[in-house]
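Coordinate inspection notes
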Amino acid sequence: MVVAFHEIVKKRILNAIKSVNVPGGWKVVVVDDHSLKVIESTCKTFDILEEKVTLVENLHKPRQPNPNFDAVYIITPSPNSVEKVIEDFTRQKPPLYAGAHLFFISPLDDPIFQRLRSSLPPNFLKSFEILYIDFHVRESQVYSFESPPSFFKLYSPEETPLFDGELKRLSKQLLSVCVSLGEENPLIRFQRGIDSDHPTKALPFKLAQLVQAEFDDYARNKKRFSPPQDMQRPRAILFIVDRSIDMYAPILHEFTYQAMANDVLQIENGKKFTYNYVGADGSTATKDAILDESDTIWVDIRHKHMKDCIDQLMTDFNKFLEENSTITNKDKAANLNDMKKMLATLPQFQDMKDKYSVHLNIAQECMNVFENERLPDIATIEQNCATGYTPDGRHPKTLVEDMVPLLDSSFVSSYTKVRVLMLYIMYKNGILEEDRRKLLAHARISLPENDAINNLLLFGVKLIRSPKGTFKKSKKYRQKPTDPDCYEISRYVPRLKIVLEVRCCFMNFIIKFFHFNRGYFNQMPS
Amino acid sequence: NDVGQYLDKTEAVEKNIDIIRANISRIKELQTLILGSTLIQREESYRKERDGLINETRTLIFENKDRIKQFEYENSRLHISDPNYELHKRRHEFLREKLTNAVSEYQDVASAYIRQQEDRMARQYKIVNPNATQLEVDNYMKNPTQPVFQQAMLRTGEAHSVLDQVKKRHEDIKNIELTIAELATLLKELHLQTEEQDQNIVQIEENTEKAASKLGKANENLNIAHLHAISARKKKWICLGILVIIAVILIVIV
């Protein structure tokens, strides 16, 4: 049975608060900035207040002393936060709270733990637990570490000193994810670098090692070397891959609803969308919409292709209007009964209407960009590059001829041009210096954008092909011809999906016919 | 102490809201049973239990709404600098949200029931008058006590009991509609926060007064500063004069 990830984490947090039994029953919850974000990704303040919590306070802001209540700290194990907790009980008399129940979102480093043990008066420390929730739940089956700087720390040559620390941090967070999912001892599979001279070839390997070490540590601390195996369910597999597994997917234009909206519109952190709307009196105003799990329409359609999405939105919206025909039919002489009904359903009606309006707005704006930026043409070229085939299954021969008018066009943003160029270079496995200069001249892209193309080198992409004769033909990746039912502009299948699908079939096979033992496969075929 | 008392009082309200929610889910259950039952007697007994619950829930909702409003009123008299201001406010908001959620859930349950019951009535009308047009059905739904069934009675004997049922259901729907309308007004009331806004206005006034008096003081200080600056400038000139004289004297001597 699949349980939504955010429900699992929410339960962990609320259970932690519930587990604190204090005389009188009332407690204060104290969080810090980072842990607050983690908590907010799954719980509302309302949920927390339902657990006999009087207030949710921020550790780093001035707080009201509550010497009668115990405090439930749900915090990051950073030196900063731990010092603050110690201060709460040592700075003044009487201390801020009657007692401290410490819940850390991830394991503490030893020096911090020692500092806490030596400085916090033991009679105040009522309980201590590690929750393993140091990550953000984005969707019912998606998590994120919300850490864009990681990308630079892992790949930028200028930030190599930060590489090891970053990997260490990521491995701790991955431990949190697995433990929260109830997988205390997964098999770890990692991606092998594509080429031996690949600059990041060791990244998944190094990370896999660190994660394994974290799990071993975890098992040792828990004194549980062999967790009871659930016979119904084989050991989970943790796949560790890095960006180089699939350089096409992030650059392509995606046309599923969520992906496209995030790509072509301004959506803050994937969640907050600001839009203009025209009110009943013709005035315009801007409104913010929050796109999250509570928006049923969003949850329902976000992973669907834009076309299906618009169709569904239209039918659903019309159905919705029909259901509420008493309100929408203005010329129909409403009798008293109808009026009463209208009055009662009006707030819910308004609520749903607003939601539909948000999504109709997003869809509309996406389609505007789609038309204005000539995305159908762009996407066809992109798909041809990424899959290595034209829609009718032939090798694309006229790529450059198709591409040049678009590179010249002033309707296409240079951002899009850069993406097309990147895909072309990857498809060709590097192009001639001469050709590149010509293409860049057509596209008239800026220097930083040129740098962006050059940076593909850091992911093992070949940019320049030496003149004919000297170059050794290397095997290019070509996707197998796709099934004819999919949309022409969405033919590409992300490689991770292929890997996982193959793996799943393979695993089912193995489980059916072979006995399982640890370390059966140490490397995942790349 | 004060905070403890307040918390106890809010907890009592919270427990009541839990009872309200339990009632609502029982009402929902009963309504499914009513809609699905084929025996008139059993339907009657379900309906009785449900009506009892509706009354109880109604009283509870209104009582607790008043208590929450009372909290709001009491809180509005607290000053923002009161150490427990935040706690009081948070607790009140929490209760308000909890009650609001319960009431909207109740509304949903009630309107779903009406919809289903109406569907059923329309179906029955069509059984009696198999050739009815949609318009006729709509007209009938607006006033289901029309003598349709008397006419039909001449044709079938069964229609009599059906008429009875239909009348009852119509009454039932009317009652539930009343409940829904009542809940709607209640929700609006819950969202009105006049008292608190008053409190804000008082605070704004206070703050403005403070700001005004501080501005006055600042002006005074500025005036003083101005005077000081003038005298300082004057002294600088005097200094310069003295220096020039000394220099002249030195030159003369040398």
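Residues numbered from 1 in each chain as written. Chains lettered and ligands numbered in written order. Predicted model: local features only at pLDDT ≥ 70, side-chain atom pairs only at ≥ 80, totals over all residues. Heavy atoms only, no water.

In the nomenclature of an unreviewed UniProt entry, chain B corresponds to t-SNARE from the organism Gigaspora rosea. Under the UniProt heading Sequence similarities (unreviewed entry), the note attached to chain B is "Belongs to the syntaxin family." (UniProt positions renumbered as here; feature names shortened; annotations may be inferred.)

The name given to chain A in an unreviewed UniProt entry is Sec1-like protein, and the organism recorded there is Gigaspora rosea. A UniProt comment under Sequence similarities (unreviewed entry) is attached to chain A, and it reads "Belongs to the STXBP/unc-18/SEC1 family."

The number of helices and strands found in chain A is 19 helices and 12 strands. Relative to its 526 residues, chain A shows a buried fraction of 43%. Intrachain contacts of chain A at a sequence separation of at least 6 include 75% that bridge at least 24 residues. For chain A, the exposed area adds up to about 28,500 Å²; of that, 55% sits on carbon and sulfur atoms. (Helix = DSSP H or I, 4+ residues; strand = E, 2+ residues; numbered from the N terminus. Buried < 20%, exposed > 50% of the residue type's maximum accessible area, 1.4 Å probe, protein only. Contact = heavy atoms within 4.5 Å. Areas by Shrake-Rupley, 256 points an atom, 1.4 Å probe, with all protein chains shown as cover.)

Before going further, it helps to examine unusual backbone geometry. Residue and element names in this part refer to chain A. Look at Y132: it is not a glycine, yet its phi comes out positive at around 55 degrees. By secondary structure assignment, the location of Y132 is in the loop between β5 (125-130) and β6 (136-139). Positioned with a positive phi, R374 is a non-glycine residue whose angle comes to about 55 degrees. By the element assignment, R374 lies in the loop between α13 (336-372) and α14 (375-387).

This part is about the packing of helix α15 (residues 399-408) of chain A against helix α17 (residues 433-443) of chain A. All names here are of chain A. Taken N-terminus to C-terminus, the directions of α15 and α17 make an angle of 40 degrees; their axes are 7 Å apart at the nearest point. Our classification of the angle between α15 and α17 gives oblique. Within the contact between the two elements, α15 uses M403, V404, L407 and D408 and α17 uses L439, H442 and A443. Among the residues forming the contact of α15 with α17, the class breakdown is 5 nonpolar, 1 polar and 1 charged. (Axes fitted to C-alpha atoms, helices over the stretch in contact; angles between N-to-C directions. Parallel < 35°, antiparallel > 145°, perpendicular 65-115°, else oblique. Nonpolar A, V, L, I, M, F, W, Y, C, P; charged D, E, K, R; others polar.)

On to the side chain of T100(B). Residues and elements named next belong to chain B. One can find T100 in helix α3 (residues 85-128). Owing to a relative accessible area of 11%, T100 belongs among the buried residues under this scheme. Among all residues touching T100, those that are not within four sequence positions of it are L187, L190 and H191.

All names here are of chain A. Overall, parallel pairing links the 5 strands, which are arranged β2-β1-β3-β4-β5 in an open sheet. In this open sheet, the two edge strands, each paired with only one partner strand, are β2 (53-58) and β5. Ignoring strand direction, the axes of neighbouring strands in this sheet form an average angle of 20 degrees. By the bridge criterion, 5 bridges tie strand β1 (residues 27-31) to strand β3 (residues 66-75) in an arrangement that is parallel. Following the sheet pairing, K27 is matched in β3 by D70. On top of the sheet, helix α1 (residues 5-18) reaches β1, β2, β3 and β4 (97-104); it is set at about 135 degrees to β1, its chief contact. (Pairing = 2+ DSSP bridges.)

The subject of this paragraph is the sheet that holds strand β12 (residues 284-290) of chain A. All names here are of chain A. Spatially, the 3 strands line up as an open sheet ordered β10-β11-β12, and their pairing is antiparallel. Here the strands that pair on one side only, and so sit at the sheet edges, are β10 (267-268) and β12. Judged from the 2 bridges that link them, β10 and strand β11 (residues 272-278) form a sheet pairing that is antiparallel. Each bridged residue has a counterpart across the sheet, and for E268 the counterpart in β11 is K272.

Contacts between the two partners involve 21 residues from chain A and, on the opposite side, 29 residues from chain B. Of the roughly 2,200 Å² buried at the junction of chain A and chain B (both faces included), carbon and sulfur atoms supply 57%. Run the count over chain A and chain B and you get 2 salt bridges. A salt bridge links K98(B) to E50(A), with the nearest nitrogen and oxygen atoms 2.9 Å apart. Linking chain A with chain B are 3 residue pairs in polar contact (both at pLDDT 80 or more). Mapped by element, the contributors of at least two residues to the side of chain A that touches chain B are α3 (45-49), β2, β3 and α13 of chain A. Take the side of chain A that touches chain B: its biggest share by element is 7 residues, from α13(A). A class-by-class count of the residues in the side of chain A that touches chain B yields 9 nonpolar, 7 polar and 5 charged. (Buried area = accessible area lost by both parts, 1.4 Å probe. Salt bridge = Lys/Arg side-chain N within 4 Å of Asp/Glu carboxyl O. Polar contact = N/O pair within 3.5 Å; in protein donor to acceptor, adjacent residues only side chain to side chain.)

Further remarks concern a nonpolar patch on the surface. The grouping of W237(B), L240(B), V244(B), V248(B) and V252(B) at the surface amounts to a nonpolar patch, some 540 Å² of accessible area in total. Structurally, W237(B) is set in helix α7 (residues 194-253). (Patch = residues over 30% accessible without salt bridge, like charges linked within 9 Å, V, L, I, M, F, W, Y side chains within 5 Å.)

All names here are of chain A. Within β3, 8 of the 10 residues are buried, which leaves it mostly tucked inside the rest of the structure. Bridge count for β3 against β4 is 7 bridges, and the pairing is parallel. Bridge pairing in β4 links V72 to H101. In the classification by handedness, the crossover that spans β3, the intervening helix α4 (residues 79-90) and the parallel β4 is right-handed. (Right-handed = clockwise from strand over helix to strand, strands pointing away.)

All names here are of chain A. Per the counting criterion, the structure on display carries 24 aromatic pairs over all chains. Centroid distance Y132 to Y218: 5.0 Å. Interplanar angle 90 degrees. Geometry classified as edge-to-face. Placement of the pair is Y132 in the loop between β5 and β6 and Y218 in helix α8 (residues 203-222), with a sequence separation of 86 residues. As far as burial versus exposure is concerned, Y132 and Y218 are alike and both buried. Among the aromatic side chains, those forming a connected cluster through ring pairs are F5, F135, Y143 and F145. (Phe/Tyr/Trp six-rings, centres within 6.5 Å; stacked < 30°, edge-to-face > 60°.)

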